[in-house]
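Next come the chains, spelled out residue by residue.
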Amino acid sequence: MNQRAAFVNCVVRTHFTDRVAIAMSSPPSIASASQKRQKTARAPLREAKAALYREHILAAAEAIFAEQGVDATKMQDIAREVGISLGTLYQSFAGKGELHRAILISRSQQMVETVTQRGVQVLVKPTGVEPILWLIGVQVQFLLDHRDYLRIQLQQGFAWYHATSWPSAEEERLWKQGLEQMRGIFAWGQAQKWFVPGDGTDLAQLMMALQQARLMHWVSAGMVEDAAPVIARIQTDFVRQFCRPSVALTLLSEDGSQLSARALASIAALNG
């Protein structure tokens, strides 16, 4: 290399080094700002993917818990079903108990939202017993549509007496929200002299126990019966147990074994 070429090469290298030094000591460049914007824009996408991933794990775990029982299920079973490593599963959920709670909270939240949104007018100001029976049907239909969640609930055996499950704060909040709704309905019916007297909390727990018995029978029989007769039996139980005799006579068949055709028609009309 001649002296001129060596000099030019030295100048180029010096200029490049100086530019790098200036760039490193100066405020972020336009390119850096662009990279930051791109990183920020990707954050919602990562969060959405993480949410979908979490839902996939919850769905798989719900099915396995329902089939095998929570106690008999291992985290390895869930990881295998989802198609991930055990370590990756533990990155999302600290243990089986946390995963079980997450399923119950997620589904319970969905059920409360479904009942509240569809039955807001009934919850605020009921106009008769038939709308309340219709709202009971909405809640039971949710359970029948989500069989795995129902089976997990029934496996616990204390859905009607929540305190024995040592609930988390979020579970307790959802429980109290649902209980308050039921207490409000019973208080309204008692004020109208349509429902029998009694403590609202006790009546609500008794109602849940009756539902649990009916739903357990449906699950034990293979969950093949259509939803309509299952819901109708639960609604009939409500009338026989909580309505005053004079009111029950207007809603039940002559022998008291089922809802009358008129009551069924009134309830069906509310679905429209």
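Conventions and cut-offs
Residues numbered from 1 in each chain as written. Predicted model: local features only at pLDDT ≥ 70, side-chain atom pairs only at ≥ 80, totals over all residues. Heavy atoms only, no water. Helix = DSSP H or I, 4+ residues; strand = E, 2+ residues; numbered from the N terminus. Buried < 20%, exposed > 50% of the residue type's maximum accessible area, 1.4 Å probe, protein only. Contact = heavy atoms within 4.5 Å. Areas by Shrake-Rupley, 256 points an atom, 1.4 Å probe, with all protein chains shown as cover. pLDDT = per-residue confidence, 0-100. Axes fitted to C-alpha atoms, helices over the stretch in contact; angles between N-to-C directions. Parallel < 35°, antiparallel > 145°, perpendicular 65-115°, else oblique. Left-handed = near helix turned anticlockwise from the far one by under 90°. Nonpolar A, V, L, I, M, F, W, Y, C, P; charged D, E, K, R; others polar. Expected span 1.5 Å × (residues − 1). Phe/Tyr/Trp six-rings, centres within 6.5 Å; stacked < 30°, edge-to-face > 60°. Polar contact = N/O pair within 3.5 Å; in protein donor to acceptor, adjacent residues only side chain to side chain. Core = buried A, V, L, I, M, F, W, Y, C linked by side-chain atoms within 4.5 Å. Salt bridge = Lys/Arg side-chain N within 4 Å of Asp/Glu carboxyl O. 1 Å grid on protein atoms, 1.4 Å probe; cavity = no way out; pocket = protein on both sides within 12 Å on 5 of 7 lines; lining within 4 Å. Points joined across faces, edges and corners; volume = space filled by probe spheres on them.

Would you mind showing me how to read the overall build of the protein here?
Helix and strand content of the protein: 13 helices and zero strands. Its helices and strands in sequence order give the protein the pattern α-α-α-α-α-α-α-α-α-α-α-α-α, from N to C terminus. A burial count over the protein gives 36% of its 272 residues as buried. The long-range fraction of contacts in the protein, counting pairs at least 24 apart against all pairs at least 6 apart in sequence, stands at 64%. Element-wise, carbon and sulfur atoms account for 58% of the exposed surface of the protein, whose accessible area totals about 16200 Å².

I tried to follow the confidence of the model for the protein on my own but got confused; where do I start?
Detail in the predicted coordinates should be disregarded across regions flagged by low pLDDT. The pLDDT averaged across the protein works out to 84; a share of 79% of its residues lies at or above 70. Mean pLDDT across the secondary structure elements of the protein bottoms out at helix α1 (residues 3-25), with 40, and peaks at helix α11 (residues 227-242), with 98. In this model, residues 1-26 is a region of pLDDT below 50 whose contacts with residues beyond four sequence positions or in other chains number two contacts.

Just to check I follow, could you spell out the packing of helix α7 (residues 129-145) against helix α10 (residues 200-220) for this structure?
In helix packing, the relevant descriptors are the interaxial angle and the interaxial distance, both defined with respect to the helix axes. Packing of α7 against α10 leaves a shortest axis separation of 12 Å and a crossing angle of 40 degrees. As judged from the angle between their axes, α7 and α10 are oblique. In terms of crossing hand, the pair formed by α7 and α10 is right-handed. Note on element contacts: α10 touches α7 through M207, Q211, L215 and W218, opposite I136, Q139, V140, L143 and L144. The class makeup of the residues in the contact of α7 with α10 is seven nonpolar, two polar and no charged.

What am I meant to see in helix α5 (residues 96-118) here?
In an α-helix, one full turn covers 3.6 residues, which means residues spaced three or four apart are oriented alike. With 23 residues, α5 extends 33 Å between its outermost C-alpha atoms, agreeing within 8% with the 33 Å of an ideal straight helix rising 1.5 Å per residue. Inspection of α5 places L99, H100, A102, I103, L104, S108, M111, V112 and V115 among the buried residues, and these make up the whole buried set.

Which parts of the structure should I look at to understand the packing of aromatic side chains?
Here a ring pair, both rings aromatic, is described through the centre-centre distance and the interplanar angle of the planes. Evaluated as defined, the whole model comprises six aromatic pairs. Cluster of aromatic residues (ring-pair linked, three or more members): F186, F195, F238 and F242.

Explain the side chain of S108 to me, please; I cannot follow it from the model alone.
Its place among the elements puts S108 in helix α5. S108 sits in the buried class, given a relative accessible area of 15%. Looking at S108, its side chain comes within polar contact range of the side chain of Y149, at 2.8 Å. Aside from chain neighbours lying at most four places away, what touches S108 is Y149, Q153 and L174.

What's the story with unusual backbone geometry in this structure? I'm lost.
Most of the time, phi is negative for any residue but glycine, and the peptide bond is trans. A positive phi angle, close to 60 degrees, is found at K193, a residue other than glycine. Along the chain, K193 turns up in the loop between α9 (169-191) and α10. With phi around 55 degrees, M223 is a residue other than glycine that occupies positive phi space. Mapped onto the elements, M223 comes out in the loop between α10 and α11.

Looking at this model, I keep getting lost on the nonpolar core. Mind explaining?
General note: in soluble globular proteins, nonpolar side chains tend to be found buried as a group. Counting residues in each nonpolar core, the largest one holds 66 residues, and the members touching the most others are I78, L99, L215 and F238. Ranked by residue count, the leading element in this core is α7, at 11 residues. Contacts of L215, omitting those with residues within four sequence positions, involve V140, L143, L144, L150, L154, V230 and I234.

Can you walk me through the pattern of salt bridges in this structure?
One side chain can pair with another of opposite charge once the charged atoms of both are near each other. Counted under the stated rule, the structure contains 11 salt bridges. For R233, the salt bridge identified is with E225, shortest N-O distance 2.6 Å. Residue E225 is classed as partly exposed on the basis of its relative accessible area of 31%. Put simply, E67, D148 and R151 are held in one network by salt bridges that share partners.

What should I look at first to understand the layout of surface pockets in this one?
In this approach, a probe sized like a water molecule rolls over the atoms, and the result shows the empty space that is left. Size it by volume and the largest pocket reaches roughly 270 Å³. In terms of lining residues, the largest pocket is bounded by 14 residues, among which G137, I231, Q235, I267 and N271 are the most central. Secondary structure elements with two or more residues in the lining of the largest pocket: α7, α11 and α13 (261-269). Broken down by element, the residue count for the lining of the largest pocket peaks at five residues, all from α11. Here the lining of the largest pocket is composed, by residue class, of nine nonpolar, four polar and one charged. Elements that contribute at least two residues to the lining of the second largest pocket include exactly α6 (120-124) and α7.

Explain the environment of V112 here, please?
Of note, V112 is situated in helix α5. For the pair V112 and W175, spaced 63 residues apart in sequence, the C-alpha separation works out to 9.3 Å. Non-local contacts of V112, meaning those with residues more than four positions away in its chain, are made with L174 and Q177.

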